[in-house]
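Residue-level structure breakdown
Residue strings, one per chain:
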Amino acid sequence: MGGFSGGFSRRDFLTLTGSATVAAIAGPAGAAMGQNDKFDLVIKGGDVIDPSQSLRGKRDIGIRWGVIEAIEDEIPAARATKTIDASGKLVMPGLVDLHCHVYPYGSAIGIPADELVQFQGTTTVVSAGDAGVNNLAALRRYIVAQSRARIYAFVHIANNGLSAFPVAELYNIDNAQVEACAMALAENQDFLIGVKVRMSENVIFKHGLEPLKRGIQACEMCGWPARMMVHIGGVETKELMSDILNLLRPGDILTHAYSGAPNMSGAFTNIVQEGRLLPAALEAKQRGVLFDVGHGGGSFDFTVAEIAIPGGCPPDTISSDIHVFSGNSPGMPFLPNVMSKFLAMGSSLEQVVAMATSGPARIINRTPKIGTLQRGAPGDVAIMDLVEGPVSFVDTRDNKRDGNLLLKPVQTVINGVAFGRPYQSPFAVR
């Protein structure tokens, strides 16, 4: 038998997921709807916020064949096969989490991406270096291919991937194999975003810039514009932090950008030192380096963010760094909770939603129209309550800040299908 016809390759087929595959092959989602045709799902009466279209207001969203077909002031109830009543709720694109750990069974810290959906509203997630060359194929075949949530990944520069226990992955620099990493990038361009490296002293020991240099070299050898995601937090010396920033290229990602974690001797060596933003951090931001939150269980400090952001280094993306340990930490880094912390620090709702939808979607740059509710996009929708009332937030260094707005996930839709029952959030507003 022959292969796919009409210019539709096997790789094109594999890059599509779920009911979006059916839509792409069968085509009805792209066909004009008649006046009597019904939507498979209508999300009615919500307060829609979609930064990708500068849209805010009450709208109905009609989804057919897994794809958004209409976003209108009102869609008659008779045209809906199924309806979700979103009255009084925020309706936004499915969230995109640029930094999380979703490699269960292959990693000591991985959480199944599908189990995060109801807690986070995430329809697309990015594995931040869980797998290296040695176990990347298993991540792709056994995790990515069997998840309803979309999963992309950064491959770790260390062949063994992220393996912090009992010895971190880059104590032995020989684990960082440039050519092998470059080959993995070349063979998985549809799935990978680039290379991850952790530059904390407790991960790379005394290897200085070498792990980052090898990651950049792999990106530049692979044949396409792969990005670096660079983890900071407690780097070995103050000078090394500036050297890291100076080496990053436009489009590379500084994750844990607002970490306040000390190095192994207890010194504070991150982008804010002695109460001042490093000049190299501002220069990196102005050069086009992207700043990602990556909250996690030990990597977000209000006091760092409160200096860096007004100093010219606001985040480009808000991400959770959620994993089995961080999810049980006092900072509660579930993505809507992290977004709420930035509301408390003065960001607008539109800014916060953009940093968890259209912002990371541009960085991923793989599946068209992720992070948006525009017509023709996959039917990925996050429905949330915006609860007003006094609420207290804590960072990963036990600093507390008070706010009056809290995002609480209610229901998530992936490819036009409601994912599980409506979720009752445990996050309490006092």
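1. Quick look at the overall build of the protein chain
Looking only at helices and strands, the protein chain has 13 helices and 17 strands in total. Radius of gyration (C-alpha) of the protein chain: 21 Å, near the 22 Å computed for a compact globule of 430 residues. Seen along its three principal axes, the alpha-carbon backbone of the protein chain occupies a region of about 70 × 65 × 35 Å. Classification of the 430 residues of the protein chain by burial places 58% in the buried group.

2. Comments concerning the packing of helix α8 (residues 238-247) against helix α9 (residues 279-287)
Where α8 meets α9, the axes come as close as 9 Å, and the angle between the chain directions of the two elements is 10 degrees. The orientation of α8 relative to α9 falls into the category roughly parallel. Each of Ser 242, Leu 245 and Asn 246 in α8 lies in contact with α9, whose residues at this interface are Ala 280, Ala 281, Glu 283, Ala 284 and Arg 287.

3. Side note on α9
Those residues of α9 that fall on the buried side of the exposure criterion are Ala 280, Ala 281, Ala 284 and Lys 285. Viewed end-on, α9 has its buried residues packed into an arc of 140 degrees, placing them on one side of the element. Away from its buried face by more than 90 degrees, α9 exposes Pro 279 and Gln 286. Contacts made by the buried residues of α9 are with α8, β13 (276-277) and β14 (290-291).

4. A closer look at the confidence of the model for the protein chain
Put simply, the protein chain has an average pLDDT of 91, and 90% of its residues get 70 or more. Considering only residues more than four positions removed or in separate chains, one finds that residues 1-11, a stretch of pLDDT under 50, has eight contacts. Low pLDDT, under 50, characterises residues 13-30; the predicted model gives this stretch 29 contacts beyond four residues in sequence or across chains.

5. Concerning helix α11 (residues 335-344)
Of all 10 residues that make up α11, nine are buried, and the element is covered over most of its length. Along α11, the positions that sit buried rather than exposed are Leu 335, Pro 336, Asn 337, Val 338, Met 339, Ser 340, Lys 341, Phe 342 and Leu 343. Just past α11, the residue Gly 346 takes up positive phi, approximately 115 degrees.

6. Observations concerning a nonpolar patch on the surface
Judged by side-chain polarity, Val 167, Tyr 171, Phe 205 and Met 264 come together as a nonpolar surface patch covering roughly 360 Å² of accessible area. Using a relative accessible area of 34% as the deciding quantity, one classes Phe 205 as partly exposed.

7. Describing the packing of aromatic side chains
Across all of its chains, the model carries four aromatic pairs by this definition. Both rings, one in Phe 300 and one in Phe 302, keep their centres 5.3 Å apart while their planes meet at 75 degrees; by these two values the pair is edge-to-face. Relative to Phe 342, the ring of Phe 300 has its centre 5.6 Å away and its plane inclined at 45 degrees; by these criteria the two rings are tilted. With Phe 300 in the loop between β14 and α10 (302-308) and Phe 342 in helix α11, the pair connects residues that are 42 residues apart, well separated along the chain. No difference in accessibility class separates Phe 300 from Phe 342, as the two residues are buried. Connected via pairs of aromatic rings, a cluster forms that spans Phe 300, Phe 302 and Phe 342. One residue, Lys 206, lies across the ring of Phe 205, its end atom 5.6 Å from the ring centre.

8. Let's talk about the sheet that holds strand β10 (residues 227-231)
One open sheet holds the seven strands; their spatial order is β6-β7-β8-β9-β10-β11-β14, and the pairing between them is parallel. Lying at the two open borders of the sheet, with one neighbouring strand each, are β6 (95-100) and β14. Here two bridges tie strand β11 (residues 253-255) to β14, and the two strands are oriented parallel to one another. Its bridge partner lying in β14, Leu 254 is registered against Phe 291. Across the sheet, helix α7 (residues 210-221) lies against β9 (192-198) and β10, angled at about 160 degrees from β10, the strand it touches most.

9. Some remarks on unusual backbone geometry
Positive phi values are uncommon outside glycine, yet Tyr 105 reaches one of about 75 degrees. Structurally, Tyr 105 can be placed in the loop between β6 and α3 (113-120). Of note, the phi angle at Met 332 is positive, near 45 degrees, even though the residue is not glycine. Topologically, Met 332 is positioned in the loop between α10 and α11. The partly exposed category is assigned to Met 332, whose relative accessible area is 31%.

Here is what the cut-offs are and how they apply
- Residues numbered from 1 in each chain as written.
- Predicted model: local features only at pLDDT ≥ 70, side-chain atom pairs only at ≥ 80, totals over all residues.
- Heavy atoms only, no water.
- Helix = DSSP H or I, 4+ residues; strand = E, 2+ residues; numbered from the N terminus.
- Rg over C-alpha atoms; globule rule 2.2 N^0.38 Å.
- Buried < 20%, exposed > 50% of the residue type's maximum accessible area, 1.4 Å probe, protein only.
- Axes fitted to C-alpha atoms, helices over the stretch in contact; angles between N-to-C directions.
- Parallel < 35°, antiparallel > 145°, perpendicular 65-115°, else oblique.
- Contact = heavy atoms within 4.5 Å.
- Arc of directions from axis to C-beta.
- pLDDT = per-residue confidence, 0-100.
- Patch = residues over 30% accessible without salt bridge, like charges linked within 9 Å, V, L, I, M, F, W, Y side chains within 5 Å.
- Areas by Shrake-Rupley, 256 points an atom, 1.4 Å probe, with all protein chains shown as cover.
- Salt bridge = Lys/Arg side-chain N within 4 Å of Asp/Glu carboxyl O.
- Phe/Tyr/Trp six-rings, centres within 6.5 Å; stacked < 30°, edge-to-face > 60°.
- Lys NZ or Arg CZ within 6 Å of the ring centre and 35° of its normal.
- Pairing = 2+ DSSP bridges.

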